[in-house]
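# Residue-level structure breakdown
Each chain, written out:
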Amino acid sequence: MNRILIAEDEDRIASFVEKGLRANGFTTTVAADGDTALDYAVSGGFDLMLLDIGLPGRDGFTVLRELREARVTLPVVVLTARDSVRDTVAGLEGGADDWMTKPFRFEELLARVRLRLRTAARAPEVTVLRSGDLTLDLRTRRARAAERTVDLTAREFVLLELFLRHPGQVLSREQILSHVWGYDFDPGSNIVDVYVRALRKKLGAHRLETVRGMGYRLP
């Protein structure tokens, strides 16, 4: 049974994550501040840590840095409300194994937790998603369209990853909202259309097709 350390100071989110993980067979411990999280993480008693950046005491970046300086290889998935590419890159280069932006859908978090645990067990891992001359590197969080490198916001990254994992499949606005915006999404929002337009502008208009009355598709 895998042991997950949840370093999160928001009770609502910590409870949401803990209940979901326990329902899926994991053992969990919650640390509500950075100092406690670091103490637990270096103890060797856990298989993976979910790490919030905005912790009281040591913040998540400090916890991560000190963890890696101590040569602790515990897999770390960062959970944060921060949305910028700069923060994402800083976290990944600082030693995080993955990065998720709040709000998130639990099913995606669970999939990422399982992926990191398999990786830690030396199972094969896909790190680059590809469709034609469009690629997405899951470690550097960078996209390439033909020969161009494309910078993405955290939300754009998750949206493009969703399309690349379901090539040729029509994804409805509701599916996209639930996956990318998680438990706080507004079903009446036009935010999906806004982000699809942003991706088209960065990647090329032909990359994402509109299927009228149904949703969008990566051809």
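Residues numbered from 1 in each chain as written. Predicted model: local features only at pLDDT ≥ 70, side-chain atom pairs only at ≥ 80, totals over all residues. Heavy atoms only, no water.

### Some words on the nonpolar core
Here is the rule: Nonpolar core, defined: a set of buried Ala, Val, Leu, Ile, Met, Phe, Trp, Tyr and Cys residues in which side-chain atoms within 4.5 Å join the residues together. When accessible area is computed with a 1.4 Å probe and restricted to protein chains, residues below 20% of their type maximum are described as buried, those above 50% as exposed, and intermediate ones as partly exposed. Helix and strand labels come from DSSP, where a helix needs a run of H or I of at least four residues and a strand needs a run of E of at least two; each type is numbered from the N terminus. The contact criterion used is simple: two residues touch if any of their non-hydrogen atoms lie within 4.5 Å.
Of all hydrophobic cores here, the largest spans 28 residues; its most connected members are Leu136, Leu152, Leu159, Leu160, Phe163, Ile176 and Leu203. Elements with a minimum of two residues in this core: β7 (134–137), β8 (142–145), α6 (154–165), α7 (173–181) and α8 (191–203). When residues of this core are assigned to their parent elements, the largest contribution, seven residues, is made by α6. Apart from residues no more than four positions distant in its own chain, Ile176 is found in contact with Leu159, Leu162, Phe163, Leu171, Trp181, Val192 and Tyr216. In terms of nonpolar packing, the next biggest core, distinct from the first, is built from 20 residues, Ala7, Leu67, Val72 and Val76 among them.

### Here we look at the packing of aromatic side chains
Our working rule: Between 30 and 60 degrees the pair is tilted, below 30 it is stacked and above 60 it is edge-to-face, where a pair is any two Phe, Tyr or Trp rings, Trp via its six-membered ring, whose centres lie within 6.5 Å.
For the structure on display, the rule yields four aromatic pairs. Note on Phe16 and Phe104: the rings are 6.1 Å apart at their centroids and 50 degrees apart in plane angle, and the pair reads as tilted. Taken as a pair, Phe16 in helix α1 (residues 11–23) and Phe104 in the loop between β5 (98–101) and α5 (106–120) lie far apart in primary sequence, 88 residues in all. Judged by its relative accessible area of 1%, Phe104 is buried. When the ring of Phe16 is compared with that of Phe106, the centres are 6.1 Å apart and the planes differ by 85 degrees; the resulting orientation is edge-to-face. One end of the pair, Phe16, is in helix α1; the other, Phe106, is in helix α5, with 90 residues separating them in the sequence. Taking relative accessible area as the criterion, Phe106 reaches 12% and is therefore assigned buried. Aromatic rings pair up to connect Phe16, Phe104 and Phe106 into one cluster.

### A look at the pattern of salt bridges
What counts is decided by this rule: We define a salt bridge as a side-chain nitrogen of Lys or Arg found within 4 Å of a carboxyl oxygen belonging to Asp or Glu.
Summed over all chains, the structure comprises 20 salt bridges. Between Arg3 and Asp47 there is a salt bridge, with the nearest N and O atoms lying 3.1 Å from each other. In this pair, Arg3 sits in strand β1 (residues 3–7) while Asp47 sits in the loop between α2 (34–41) and β3 (48–52), placing the two residues 44 residues apart along the sequence. Under the relative-accessibility criterion, Arg3 is labelled partly exposed at 32%. For Asp47, a relative accessible area of 22% puts it in the partly exposed group. For Glu161, the salt bridge is made with Arg165, and the minimal N-O distance between the two is 2.9 Å. Within this pair, Glu161 and its partner Arg165 are both found in helix α6, separated by four residues, close to a single helical turn. Assessed through its relative accessible area of 7%, Glu161 is described here as buried. Judged by relative accessible area, Arg165 falls into the partly exposed class, the value being 43%. Sharing partners across several salt bridges, the network here consists of Asp98, Glu108, Arg112, Arg116, Glu161 and Arg165.

### Examining the environment of Ala7
The residue Ala7 is located in strand β1 in this model. Judged by its relative accessible area of 1%, Ala7 is buried. Setting aside chain neighbours within four positions, we find Ala7 in contact with Ala31, Ala37, Met49, Leu50, Leu51, Asp52 and Leu55.

### Brief notes about the side chain of Thr28
The condition is simple: Distance and chemistry together define a polar contact, namely a pair of N or O atoms within 3.5 Å, with one atom able to donate a hydrogen and the other to accept it when in protein, and with adjacent residues in sequence counting only for side-chain atoms on both sides.
In this fold, Thr28 is placed in strand β2 (residues 27–31). Its relative accessible area of 7% is what places Thr28 among the buried residues. Side-chain polar atoms of Thr28 contact the side chain of Glu18, separated by 3.0 Å. Setting aside chain neighbours within four positions, we find Thr28 in contact with Ile4, Ile6, Glu18, Leu21 and Arg22.

### Focus: the UniProt feature "modified residue: 4-aspartylphosphate" (unreviewed entry) in the protein
Selection criterion: UniProt positions are given in the numbering used here, feature names are shortened, and annotations may be inferred rather than shown by experiment.
As annotated in UniProt, the feature "modified residue: 4-aspartylphosphate" (unreviewed entry) corresponds to Asp52 in the numbering used here. Its location among the elements puts Asp52 in strand β3. Among the residues examined, Asp52 registers a relative accessible area of 4% and is labelled buried. Contact partners of Asp52, with chain neighbours within four places excluded, come to Ala7, Glu8, Asp9, Gly60, Leu79, Thr80 and Lys102.

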